[in-house]
Amino acid sequence: NKGDLLNYYHQVLPYIMPYLIDRPQSLNRFPNGVGGNSFYQKNMQGKVPEWIDTFKRQGDSADEPTFFLVCKNDAALMYMVNLGCIEINPWHSRVNTPQYPDWCVIDLDPGKIPFSRVIEAALVVKEVLDSMSIPSWCKTSGSTGLHIYIPLRARYSYEQSRQFAELIARLVHQQLPRTTSLLRSPAKRADKIYIDYLQNRAIQTICAPYSVRPKKGATVSTPLHWSEVKKGLEIKNFHMKNVIQRLKVEGDLFTGVLGEGIDLNRILKQLYSTQ
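Position labels on residues start from 1 in each chain and follow its written sequence. This being a predicted model, a pLDDT of at least 70 is required before a residue's local features are given, and a value of 80 or more before pairs of side-chain atoms are given or counted; all residues contribute to the totals for chains, interfaces and linings. Only hydrogens and water are set aside; all other atoms, that is, all heavy atoms of the structure, feed into the side-chain values.

## Description of the overall build of the chain
Then, number 1: If you tally the helices and strands in the chain, you get six helices and 11 strands.
Then, number 2: Relative accessibility under 20% of the residue-type maximum defines a buried residue, over 50% an exposed one, and the middle range a partly exposed one, all with a 1.4 Å probe and only protein chains included. Here the chain, with 275 residues, has 53% of them falling under the buried criterion.
Then, number 3: Residue burial considers only the protein chains on display, and all accessible areas are found by Shrake-Rupley using a 1.4 Å probe. Here the chain has roughly 12,900 Å² of accessible surface; of this, 49% comes from carbon and sulfur atoms.
Then, number 4: The positive count covers Lys and Arg only, the negative count covers Asp and Glu only, and His and the chain ends enter neither. In this description, the location of a charge corresponds to atom NZ of lysine, CZ of arginine, CG of aspartate or CD of glutamate. Taken together, the 34 basic and 25 acidic charged side chains of the chain have centroids lying 4 Å from each other. Under the scheme used here, helices are H or I runs from DSSP no shorter than 4 residues and strands are E runs no shorter than 2 residues, and both carry numbers assigned from the N terminus.

Rendered as structure tokens:
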């Protein structure tokens, strides 16, 4: 219920806020709880109290600008939860560098395929990244997949981030042609894992680390040690009732995502010299 949700987010504030602060948000609202209808809300102009910041984004066309809610502080997050946001979906970039994401995401989104295959794909992503000395961090999506983050530290554009993710996705797909796909259409990849690199576009969002998901069992998108990404890993084992305790033991495993960004020029040079 909403009380449990508010209580969870209140306890997780010190851990989740580094990934939310100064970021515009796409609100996925469940006004009647998980079982009720939900809707996405992006434009908050005139819909929020004065103490809530918004970020004005002019679209590509002559449409009216969109005013995104900006999560500036703890109170703003709790305000969003009160509006019925079970999950929290921040931009990859912050308001002071809106065109430059802080991280690149490889989103492994399984179709009808065993989760063991997702684990296998995640480990191949790590192998590919390790071979180029690229640091990476993995979290459960809280739904069916895994998210792998690479720190960029707002040094490259969304377009560069997307192209880099596509390159990684292609290298992984070469190694796992039978179980992975780069095709966006679900019909064309029914029994494969979609390596989604298109998440790395402006205003695309992905659930934050420590975000609850509107799923049975109140699963939480939980950062993992890479050593946990192995046979037996199950998304349902990380949920609202046990993540706080895990955090007390493990601390925040995702801090490196906000650390030193990669040197994309070095990586591309290295890649093309070995191809």
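And the narrative resumes.
## Let's talk about the sheet that holds strand β11 (residues 223-224)
Consider a sheet: its strands pair through backbone hydrogen bonds, and that pairing is either parallel or antiparallel.
Then, number 1: Reading across the sheet, the six strands line up as β9-β10-β6-β8-β7-β11 and stay open at both edges, with mixed pairing between neighbours. At either margin of the open sheet sits one strand with a lone partner, and together these are β9 (180-181) and β11.
Then, number 2: Pairing between strands is defined by DSSP: at least two bridges between the two strands are required. Note: strand β7 (residues 137-140) against β11, two bridges, orientation antiparallel. Looking across to β11, one finds that C138 is bridged to L224.
Then, number 3: Lying over the sheet, helix α4 (residues 158-175) contacts β6 (103-110), β8 (146-151), β9 and β10 (193-196), oriented at roughly 40° with respect to β6. Contacts: residue pairs with any heavy atoms within 4.5 Å of one another. Lines are fitted to the C-alpha atoms to define the axes, a helix being fitted only along its stretch in contact, and any angle between axes, read from their N-to-C directions, falls within 0 to 180 degrees.

## Remarks on helix α2 (residues 74-82)
Then, number 1: Buried residues of α2: A76, L77, M78, Y79, M80 and V81, and no others.
Then, number 2: Its buried side turned inward, α2 meets α1 (2-16), β1 (23-29) and β4 (66-71).
Then, number 3: At the C-terminal side of α2, G84 shows a positive phi close to 100°.

## Describing the environment of R184
Then, number 1: You can see R184 is positioned in the loop between β9 and β10.
Then, number 2: Residues R184 and Y194, spaced 10 residues apart in sequence, show a C-alpha to C-alpha distance of 7.2 Å.
Then, number 3: Contacts of R184, omitting those with residues within four sequence positions, involve R189, Y194, D196, L198 and R201.
Then, number 4: Pairs of N or O atoms within 3.5 Å make up the polar contacts considered here, provided that, within protein, one atom can donate a hydrogen while the other can accept it, and that residues adjacent in sequence are counted only when both atoms are side-chain atoms. Engagement of the side chain of R184 in a polar contact is seen with the side chain of Y194, the distance being 3.2 Å.

In short, geometric facts, not functional conclusions.
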